[in-house]
Amino acid sequence: MTTTALTAEPLTITIGATVPAVDLASDLTPEVVAGIRATLLDRKVLVFPRQRLTPDSHRAFAAALGELTPAHPIVPGLDDEHPEIYVLDSGDGGKAPVWHTDVTFTRTPPLGSVLRAVDLPPAGGDTCWTDLEAAYLALSPQLRRLADELEAVHDGRKDFEEYLNVRLSGEGNLWEGERVRSLDPVTHPVVRVHPETGRRALFVNPGFTTHIKDVTETESRALLDIFFAVVGRPEHSVRHRWSPGDVVVWDNRSTAHYAVDDYGDQRRVMHRITIRGDRPVGPSH
Ligand SMILES: O=C(O)CCC(=O)C(=O)O
Ligand SMILES: [Fe+2]
């Protein structure tokens, strides 16, 4: 199989594809891995239906795509053998019904995420992904030019500070080579230039972006209203109805996602592994 031979069926014009014919537990030749990486750059979100992965083979697949991070800067991993697996358990607060890009409250958010359905509710619990390059292009050229110059602050304290201080007594995981003991907000460019494709994405998200730097509070609020109005439009998004075993990989540099919370008290468990990323770079850097 050559790089171009990976069969991928597009789910929308710009974002998402189903890769039906790859068994992630046994087909990971260098050619298939190269095909997956190339297709991911093009489609941003890849769905691998009905896989039969275990925590070990989930990790082996993710590691074929790049260097792995710990499960999370704060939250411990699945167990001692799998410190890279982040468990999203609906019974333990593992719900994410807000548009967000993973871990943008660190200096180097992950390049991508590999999510596996472990335990699904009888109905509901879909996940949506949205194309942040399409969001950028949905702004007028004048607004794009302004956005190109801006920086935004990303802050994970609302979601994780109490967990860090109360459940973990202030000792988080190793992240970027350092023990996490506080969640200091970080600054990223509002427009991120993709390090591999050179394309521009609107790299702000309602989950973690709190304000625009170096403008007044009123201006910041108005600018974020404008930016968030184009993040998550159905026209730029894809929605996945999970089946048991499904694995979805996304490019975390050019997308945001939203886990739909429409299944009440039913249990839903997902396992996520993130691939180490680099520091976001803007157009004028
Ligand atoms: O539970 C989901 O479908 C996605 C949750 C999420 O935000 C993530 O895995 O990063
Ligand atoms: Fe997420």
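Check the entry above for the structure.
Conventions used here
Residues numbered from 1 in each chain as written. Chains lettered and ligands numbered in written order. Predicted model: local features only at pLDDT ≥ 70, side-chain atom pairs only at ≥ 80, totals over all residues. Heavy atoms only, no water. Near = heavy atom within 4 Å. Polar contact = N/O pair within 3.5 Å; in protein donor to acceptor, adjacent residues only side chain to side chain. Areas by Shrake-Rupley, 256 points an atom, 1.4 Å probe, with all protein chains shown as cover. 1 Å grid on protein atoms, 1.4 Å probe; cavity = no way out; pocket = protein on both sides within 12 Å on 5 of 7 lines; lining within 4 Å. Sits in = over half its atoms within 2 Å of the grid points. Helix = DSSP H or I, 4+ residues; strand = E, 2+ residues; numbered from the N terminus. Nonpolar A, V, L, I, M, F, W, Y, C, P; charged D, E, K, R; others polar. Buried < 20%, exposed > 50% of the residue type's maximum accessible area, 1.4 Å probe, protein only. Donors = N, O, S within 2.8 Å, 3.2 Å for Na, K, Ca; no water. Points joined across faces, edges and corners; volume = space filled by probe spheres on them. Pairing = 2+ DSSP bridges. Axes fitted to C-alpha atoms, helices over the stretch in contact; angles between N-to-C directions.

1. What about the site of ligand 1?
1) Next: Close to ligand 1 lie Leu88, Ala96, His100, Asp102, Leu115, Thr127, Trp250, His257, Ala259, Arg268, Met270 and Arg272.
2) Next: In the environment of ligand 1, an oxygen atom lies 2.9 Å from a nitrogen or oxygen atom belonging to the side chain of histidine 100.
3) Next: In this structure, an oxygen atom belonging to ligand 1 sits 2.7 Å away from a side-chain N or O atom of arginine 272.
4) Next: For ligand 1, whose free accessible area comes to 290 Å², the fraction covered by protein is 99%.
5) Next: When atoms are counted within 2 Å of each cavity's grid points, the one that captures over half of ligand 1 is the largest pocket.
6) Next: When contributions to the shell around ligand 1 are tallied by element, the ones reaching two or more residues are strand E16 (255-259) and strand E17 (269-275).
7) Next: In the shell around ligand 1, the residues fall into six nonpolar, three polar and three charged.

2. Considering unusual backbone geometry
Among all residues except glycine, the phi angle is most often negative; among peptide bonds, the trans geometry is most common.
1) Next: You will see that serine 169, though not glycine, has its phi angle at about 50°, which is positive.
2) Next: Its location among the elements puts serine 169 in the loop between helix H5 (157-167) and strand E8 (174-175).
3) Next: If you check the backbone angles, glutamate 176 has positive phi at about 50° while not being a glycine.
4) Next: Within the element layout of this structure, glutamate 176 appears in the loop between E8 and strand E9 (178-179).
5) Next: For glutamate 176, a relative accessible area of 24% puts it in the partly exposed group.

3. So, the coordination of the iron ion (ligand 2)
1) Next: Summarising the metal site, the iron ion (ligand 2) is bound by the protein donors His100 (NE2), Asp102 (OD) and His257 (NE2), whose distances to it range over 2.0 to 2.1 Å.
2) Next: Along the chain, the residues donating to the iron ion (ligand 2) are arranged with the sequence spacing H-x1-D-x154-H. With aspartate 102 in the loop between strand E4 (86-89) and strand E5 (112-119) and histidine 257 in strand E16, this pair connects stretches of sequence that are 155 residues apart.
3) Next: Relative accessible area serves as the criterion here: at 2%, aspartate 102 is assigned to the buried category.

4. A look at the layout of surface pockets
1) Next: Put simply, the largest pocket is a space of about 760 Å³.
2) Next: Residue lining of the largest pocket: 34 residues in total, with Tyr86, Leu88, Gly93, Gly94 and Lys95 positioned closest to the centre.
3) Next: Going through the elements one at a time, E4, H5, E16 and E17 are the ones with two or more residues in the lining of the largest pocket.
4) Next: A per-element tally of the lining of the largest pocket places H5 first, with five residues.
5) Next: A per-class count over the lining of the largest pocket returns 17 nonpolar, eight polar and nine charged.
6) Next: The calculated volume of the second largest pocket comes to roughly 290 Å³.
7) Next: Together, 15 residues line the second largest pocket, and Arg107, Glu176, Val180, Ser182 and Asp184 are the ones closest to its centre.
8) Next: Its residues assigned to classes, the lining of the second largest pocket comprises seven nonpolar, two polar and six charged.

5. Digging into the sheet that holds E16
1) Next: Strands sit in the order E14-E6-E16 across an open sheet of three strands; the sheet is antiparallel. Taken across any chain shown, the strands that pair with only one partner, and hence form the sheet edges, are strand E14 (237-240) and E16. Averaged over neighbouring strand pairs, the angle between their axes works out to 20° when direction is ignored.
2) Next: With five bridges joining them, strand E6 (residues 127-131) and E16 adopt antiparallel strand pairing. For aspartate 131, the partnering residue across the bridge sits in E16 and is threonine 255.

Without other data, these values stay purely geometric and don't point to any function.
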